[in-house]
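# Per-entry structural report
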Amino acid sequence: MITRKQLIKKYLDFFKEKKHGIIPSAPLVPENDPTVLFTTAGMHPLVPYLLGQPHPLGKRIADNQKCIRTVDIEGVGDKTHHTFFEMLGNWSLGDYFKQGAIEMSFEFLTSEKWLNLPIEKLAVTCFEGDNDAPKDTEAEDIWKSLGIPQERIAFLPKSENFWGPAGQTGPCGPCTEMFYWSGEGEAPKIFDTDDNNWVEIWNDVFMAYNKKADGSYEKLVAQNVDTGLGVERVTAVLNNLSDNYLTGCFKPIIKKIEKVSGKKYSDNERAMRIIADHIKAATFIISDGITPSNTDQGYILRRLIRRAIRYGKELGMENFTSKIAESVFEIYDDYPELEENKEKILSELEKEEERFNLTLEKGLKIFNRWVLKIKEGFRKNEKKIKWSEGKYILKGKDAFLLYQSYGFPIEMTKELAKEKGIKVDIEGFQKELKKHQDLSRTAAEGKFKSGLADSSEATTRLHTATHLLMAALRDVLKDENIMQKGSNITPQRLRLDFNFDRKLTKEELEQIEDLVNIKIQESYEVKREEMSPEEARKKGAVGVFDGKYGDKVSIYSVEDFSAEICAGPHVKNTCELGHFKIKKEESSSSGVRRIKAILEDSP
Ligand code: ATP
Ligand code: MG
């Protein structure tokens, strides 16, 4: 058994022996690099030195750097990819190059004094070459001279084996990656890079070039080496584990999740891995000064916490994030900043969880209903229902509603939809988002005055719902003569009286309910226009055309579905209504029926 801390110590001791100066981990949020939100690799904080600035500790540097990789968030759930991980690294700033770097990596991995890993389980990749840089036969020859057989050396293209700069420009070059066989028994003779039992543990990058703004590569004067070894993966390998979550880097967190949920890791691997990973990452991000928000690092943090909460709910956990986070402090007591910020970390987690708890369940309910509707609509091929965006697509407006009113990060909606075989119209979502941002800017500047503020929002919503109900009645009952004979709205329910000479059937009531809900889900703008009573009548508006309106009437309309003469107020968009439900249909007086209905799950 070798622990994470022992591995880190061994690595730093080894490179100290090789004359490297040891530097502390930089913060997760880069101090001088606007090209990235987070430090994604050990090289980030060292970019100025890789570009030629002399380092105070000399030409050989090593460290253990905490990293956040947002590109891997969605991959989390497997055995080897984390959002937060530690990367051990060593650097040569114009000192040793391929020969020195590969020999040191090899010695550290295989020497009895250090990690003592069997050569028989190692394999490597090298750069296959292209127009910008040649095939790396030099690295290949060095590996062979150390005893790695040809069948265990694979050549890969730029996408895999050329380390590019995170921004558009910067130091880069071909790399050679080391893999370890984590499968059962002996490693296959031939190295198959597509076989997931081969786990990448270390990457040596040979920074021979600087990528310029015009896309060309210039050779660097001083050739540098940048390496990265994953602490979690190597800890697993050293303990003969194929699952990083069973190492000390995660085990206490998994144990805590098992305890809080009362469920077993072996039955819930993916969910527990996601929860453990995301809460760990969130803990470190908050500790470095970020709080949940809707932009930049704060948004990533929010996404992580909310995704963890969603998976936690699946395991039946409530108010759990700060409890789980406790176990992160146990593992990483070598990061003093965690302990220093403990109170803040726990309270930020709790606050974000509270915020999300207010809307998550309702949002999920609405989402699930949409899914049913989308699928049902296709099954029955109902003509009346216009699924404007095509098959199995969740509209941008709907995704935006989930984002805006229920706090669903768009990536989460995408993930939920994917599980149901539905795509999300991301472009439409972005458009809505932009529209909203423009709107709220206008509001912030005080140019935009809403008429809703004074009347109860619940009443306003039910008022709009009454219009939709009226239109649905005329549509489903196929009777243009149906008119409103009275209405009474409280914040709790609407009551609409209308002329019709018999009881409505159960089917009719269901159809009416469905039609209203579809109009709500399709998110139509509720438009207000002023016109003469003549024009209103021509438009087919419902309402009483008597003299009391004067020569201008105001019409509220919902696409071509509903138009009523009305003084308002109404919501701006039908999507604000929630779920429409008819509670009762009864006789009111002779030839007049009465419907009572409510809105559930309003934002
Ligand atoms: P992979 O192809 O497995 O995603 P990578 O090529 O993205 O790995 P590098 O960018 O070369 O990895 O990072 C250097 C080392 O850091 C890797 O060899 C691995 O040990 C570790 N590493 C990279 N990404 C992760 C991650 N998401 N979680 C844990 N360790 C990682
Ligand atoms: Mg990767």
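Cut-offs used in this document
Residues numbered from 1 in each chain as written. Chains lettered and ligands numbered in written order. Predicted model: local features only at pLDDT ≥ 70, side-chain atom pairs only at ≥ 80, totals over all residues. Heavy atoms only, no water. Pairing = 2+ DSSP bridges. Helix = DSSP H or I, 4+ residues; strand = E, 2+ residues; numbered from the N terminus. Domains from an automatic or database assignment. Buried area = accessible area lost by both parts, 1.4 Å probe. Salt bridge = Lys/Arg side-chain N within 4 Å of Asp/Glu carboxyl O. Polar contact = N/O pair within 3.5 Å; in protein donor to acceptor, adjacent residues only side chain to side chain. Nonpolar A, V, L, I, M, F, W, Y, C, P; charged D, E, K, R; others polar. Axes fitted to C-alpha atoms, helices over the stretch in contact; angles between N-to-C directions. Contact = heavy atoms within 4.5 Å. Near = heavy atom within 4 Å. Areas by Shrake-Rupley, 256 points an atom, 1.4 Å probe, with all protein chains shown as cover.

Bridge analysis of strand β3 (residues 84-93) against strand β9 (residues 217-230) gives five bridges, and the strand direction is antiparallel. Pairing of Leu88 across the sheet is with Leu229, part of β9. Counted between consecutive antiparallel strands, the loop separating strand β8 (residues 198-211) from β9 contains five residues, among which Gly215 sits at a positive phi close to 90°.

Our focus in this paragraph is the domain arrangement of the protein chain. On domain assignment, one finds that the protein chain holds domain 1 (4-243), domain 2 (250-363), domain 3 (381-451) and domain 4 (456-600). One C-alpha centre belongs to domain 1, the other to domain 2; they are set 29 Å apart. With both chains or domains summed, domain 1 and domain 2 bury close to 2100 Å², and 59% of this area falls on carbon and sulfur atoms. Our count for the domain 1 to domain 2 interface comes out at six salt bridges. The closest approach of N and O atoms between Glu337 and Lys66, which form a salt bridge, is 2.4 Å. Where domain 1 meets domain 2, there are 14 residue pairs in polar contact (both at pLDDT 80 or more). Listing elements by their share of the side of domain 1 that touches domain 2, those giving two or more residues are α1 (4-17), β2 (60-68) and β3. Per-element accounting of the side of domain 1 that touches domain 2 gives the leading share, three residues, to β2. Grouping the amino acids of the side of domain 1 that touches domain 2 by side-chain chemistry returns nine nonpolar, five polar and nine charged.

Turning our attention to the sheet that holds strand β17 (residues 579-589). In sheet architecture, strand pairing relies on hydrogen bonds along the backbone and comes in two forms, parallel and antiparallel. Ordered in space as β12-β13-β18-β17, the four strands form an open sheet in which the pairing is antiparallel. Of all strands in the sheet, those with a lone pairing partner are β12 (484-489) and β17, marking the two edges. Direction aside, neighbouring strands of the sheet carry axes that sit 20° apart on average. For strand β13 (residues 494-499) and strand β18 (residues 592-600), the ladder comprises six bridges, and the chain directions are antiparallel. Following the sheet pairing, Leu494 is matched in β18 by Ala597. Where helix α16 (residues 457-476) meets the sheet, its contacts fall on β12, β13, β17 and β18, and the angle it forms with β13 comes to roughly 25°.

Surrounding ligand 1, one finds 16 residues, the nearest of these being Arg69, Asp72, His81, Glu200 and Asn203. Take Ile201: an N or O atom from its main chain is 3.1 Å from an oxygen atom of ligand 1. For ligand 1, the protein covers 84% of the area, taking 590 Å² as the surface of the free molecule. Of all the elements in the fold, those that place two or more residues in the shell around ligand 1 are β3, β8 and β9. Among the elements that take part in the shell around ligand 1, β8 stands out by supplying four residues, more than any other. Grouping the constituent residues of the shell around ligand 1 by class yields five nonpolar, six polar and five charged.

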